[in-house]
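Listed here are the chains, written in short residue letters.
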Amino acid sequence: MTEADWREFRLHVGMPHLLPGRLAEEPILKQLGAFQWQAVAALAGQPENAVVSEAGERLHLSMISVELGLPAGRGWEEFDEGADLCFRQRTGVYGHKLVEGLFLFDKEPIPDGELAAAQGRDDLASGRRPWAYVTHGFITRTSGTWAKLETPRAFLDRPVPELPRMPAGIAEHQSVERSGVIEGFADWPVATELAADAQPATFDYDVSPETDFNAVGVVYCARLPAIMTGAERRLLRERLQVPLSEPLVACLATTHRRVYYFANASRETCLRLRVAARFRVPAAAAPARVRTLGSFLFRTDVHRASDGVLMASSLVERALRVLGQSKPLLTEAERWLARMQVRG
């Protein structure tokens, strides 16, 4: 594939895309899914609502895995209201049923010449721009929570950018589903497991159809990371021997997330989340406008509460980033570090 295979999408950042002081993760994940669907529909030569299976049933894209990364030294606070984001996206298709999307994005145009080096996920992760790696499969609107993959009829008649091997996210998905182990992510040999009432901690989440369901009538895959974040917040606020305040927890920002989706829920009223956490002390750094005071690594699994079926598993690294002028929060963080005895 060449630079010509990369599409360009634009997003004007407004209030729906923001948390206080920074770009929010959930709307970006939703936007990545929408951009991927637009790219796939373009390959099919049809609008999204006209892509059908070999049997003529309308198809939808279902997320299989998502990875979102932020390079070292970059922060989501760079992307504030009014920013115009440039997304470059490349689509590959495997076996006519599976889709891999590579994304680079930034608040400045991304030139074609820079894309030649981005041939896979590892290239994205080693670059200097925010990136995402997303895999999808085609499914019908058939009711139920276990999706059967389908082939778009248009892909049988049109040339598509075929991948020579199964996408990494798909192969890993199968491995994680069997073993539960998410490999190749953060390696934290000196990280401290946080002292909690129990590891993993368990929390229930009441499903809200108005905000949690998608157009197919199941829990929206791009919603689950935000639901996971809520459980992570509760662990830090409610289950630690030395809990963090709500304002300090609000300073956590995702630097790297990897999530795999296994099943869904259409009539479920409650999800059960199991969360474990570790903490890594910050590296020495000069004073800055935004200070990084350490990083948390969360492993979160989401199950249907009714039958215990695993819906999704995620590892996420979230940095504790506090404005240098926020003296009360800086003081709390220093006091927390001392009481947790995680220094050295």
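These numbers were taken from a predicted model, which means no experiment stands behind them.

(A) Structural context of the overall build of the protein chain. In terms of regular secondary structure, the protein chain is built from 7 helices and 13 strands. Taking 344 residues into account, the globule formula puts the C-alpha radius of gyration at 20 Å, and the protein chain, at 20 Å, falls close to it. With the C-alpha coordinates of the protein chain rotated into their principal frame, the extents come out at 65 × 50 × 35 Å. Here the protein chain holds 344 residues, and the buried ones make up 53% of them. The contacts of the protein chain with a sequence gap of at least 6 include a subset with a gap of at least 24, amounting to 76%. Of the roughly 15600 Å² that the protein chain leaves accessible, carbon and sulfur atoms contribute 50%. Looking at the protein chain, you have 41 positive and 43 negative side-chain charges, and the mean spots of the two groups are 3 Å apart.

(B) Quick peek at the pairing of strand S7 (residues 131-140). Of all 10 residues making up S7, 10 are buried, and the element is well covered by its neighbours. Here S7 shows no split at all, with Trp 131, Tyr 133, Thr 135, Gly 137 and Ile 139 on one side and Ala 132, Val 134, His 136, Phe 138 and Thr 140 on the other all buried. In this sheet, S7 lies alongside strand S4 (residues 59-69) in antiparallel orientation, the contact comprising 10 bridges. What sits directly across from Val 66, in S7, is Val 134. Judged from the 7 bridges that link them, strand S6 (residues 98-106) and S7 form a sheet pairing that is antiparallel. Note that in S7 the partner of Leu 104 across the bridge is Trp 131.

(C) Quick peek at the packing of aromatic side chains. The full count for this structure, using the stated rule, is 11 aromatic pairs. Judged by centre distance (5.6 Å) and plane angle (90 degrees), the rings of Phe 138 and Phe 155 are edge-to-face. Here Phe 155 lies in the loop between S7 and helix H3 (168-179) and Phe 138 lies in strand S7, a separation of 17 residues in the sequence. For Phe 138, a relative accessible area of 0% gives the class buried.

(D) Representation of the nonpolar core within the structure. Counting 68 residues, the largest nonpolar core has Phe 87, Leu 194, Leu 236, Phe 296 and Trp 336 as its most contacted members. If you look at the next biggest cluster of nonpolar residues, it comprises 14 residues, including Ala 41, Leu 43, Val 99 and Phe 155.

(E) Molecular detail of helix H7 (residues 327-340). For H7, built from 14 residues, the straight-helix expectation of 20 Å at 1.5 Å per residue is met to within 8% by its first-to-last C-alpha distance of 20 Å. Looking only at H7, the buried set comprises Leu 329, Leu 330, Glu 332, Ala 333, Trp 336, Leu 337 and Met 340. Buried positions in H7, seen along its axis, are confined to an arc of 160 degrees and lie on one side of it. Facing away from the buried surface of H7 by more than 90 degrees, the exposed residues are Lys 327, Pro 328 and Arg 339. Here the buried face of H7 lies against helix H6 (246-249), strand S11 (270-280), strand S12 (290-304) and strand S13 (310-323).

(F) A look at helix H5 (residues 224-239). Over its 16 residues, H5 extends 21 Å from the first C-alpha to the last, a length consistent with the 22 Å expected when each residue adds 1.5 Å. Every buried residue of H5 is listed here: Leu 224, Pro 225, Ile 227, Met 228, Thr 229, Gly 230, Ala 231, Glu 232, Leu 235 and Leu 236.

(G) Structural detail: the confidence of the model for the protein chain. Looking at the protein chain as a whole, its pLDDT mean stands at 92, while 96% of the residues score no less than 70. Here strand S8 (residues 192-193) stands out as the element of the protein chain with the lowest mean pLDDT, 84, in contrast to S6, whose mean of 98 is the highest.

(H) Structural view of the state of the cysteines. In total, this model carries 0 disulfides according to the counting rule given. Free of any disulfide, Cys 221 has its nearest cysteine sulfur in Cys 270, 18 Å distant. The class for Cys 221 is buried, based on a relative accessible area of 10%.

(I) Summary view of the environment of Ala 168. Within the fold, Ala 168 resides in helix H3. Once the C-alpha coordinates of Ala 168 and Asn 214 are considered, the two residues, 46 residues apart in sequence, prove to be 26 Å apart. Once residues within four sequence positions are removed from consideration, Ala 168 is found in contact with Glu 100, Arg 121 and Tyr 133.

(J) Main features of the pairing of strand S10 (residues 252-261). Taken across its 10 residues, S10 has 10 buried, putting it largely inside the fold. As judged from the 5 bridges shared by S4 and S10, these two strands associate in the antiparallel manner. Opposite Ser 65, over in S10, you have Tyr 260 as the bridge partner. Judged from the 9 bridges that link them, S10 and S13 form a sheet pairing that is antiparallel. The partner of His 256 across the bridge, within S13, is Glu 317.

Rules used in this analysis
Positions within a chain are numbered from 1, following the residues in the order the chain's sequence is written. Side-chain atom pairs in this predicted model are given and counted only at pLDDT of 80 or more, local residue features only at pLDDT of at least 70, and totals for whole chains, interfaces and linings cover all residues. Each side-chain value is derived from all of the structure's non-hydrogen atoms; neither hydrogens nor water enter the calculation. Strands here are runs of E lasting at least two residues and helices are runs of H or I lasting at least four, both read from the DSSP assignment and numbered beginning at the N terminus. Within these notes, the globule rule equals 2.2 Å times the number of residues to the 0.38 power, and the radius of gyration is based on C-alpha atoms. Any residue under 20% of the maximum accessible area for its type is buried, any over 50% is exposed, and the rest in between are partly exposed; the area is computed with a 1.4 Å probe on protein chains only. Only heavy atoms matter for contacts: two residues are in contact if any of them lie within 4.5 Å across the pair. Accessible surface area values rest on a Shrake-Rupley calculation with a 1.4 Å probe, where residue burial reflects the displayed protein chains alone. Only four residue types enter the charge count: Lys and Arg as positive, Asp and Glu as negative, with His and the chain ends excluded. Where a charge lies is defined by one atom per residue type, namely NZ (Lys), CZ (Arg), CG (Asp) and CD (Glu). DSSP-based pairing: two strands are paired if at least 2 bridges between them are found. Two rings from Phe, Tyr or Trp (for Trp, the six-membered ring) form a pair when their centres are within 6.5 Å of each other. A pair whose planes differ by under 30 degrees is stacked, one over 60 is edge-to-face, and the rest are tilted. Take the buried Ala, Val, Leu, Ile, Met, Phe, Trp, Tyr and Cys residues and link them wherever side-chain atoms come within 4.5 Å; each set so joined is a nonpolar core. What a helix is expected to span follows from its residue count: subtract one and scale by 1.5 Å. It is the directions from the helix axis to the C-beta atoms that the arc portrays. As a per-residue quantity, pLDDT reports the predictor's confidence and falls between 0 and 100. Note on terminology: disulfide denotes any pair of cysteine sulfur atoms within 2.5 Å.

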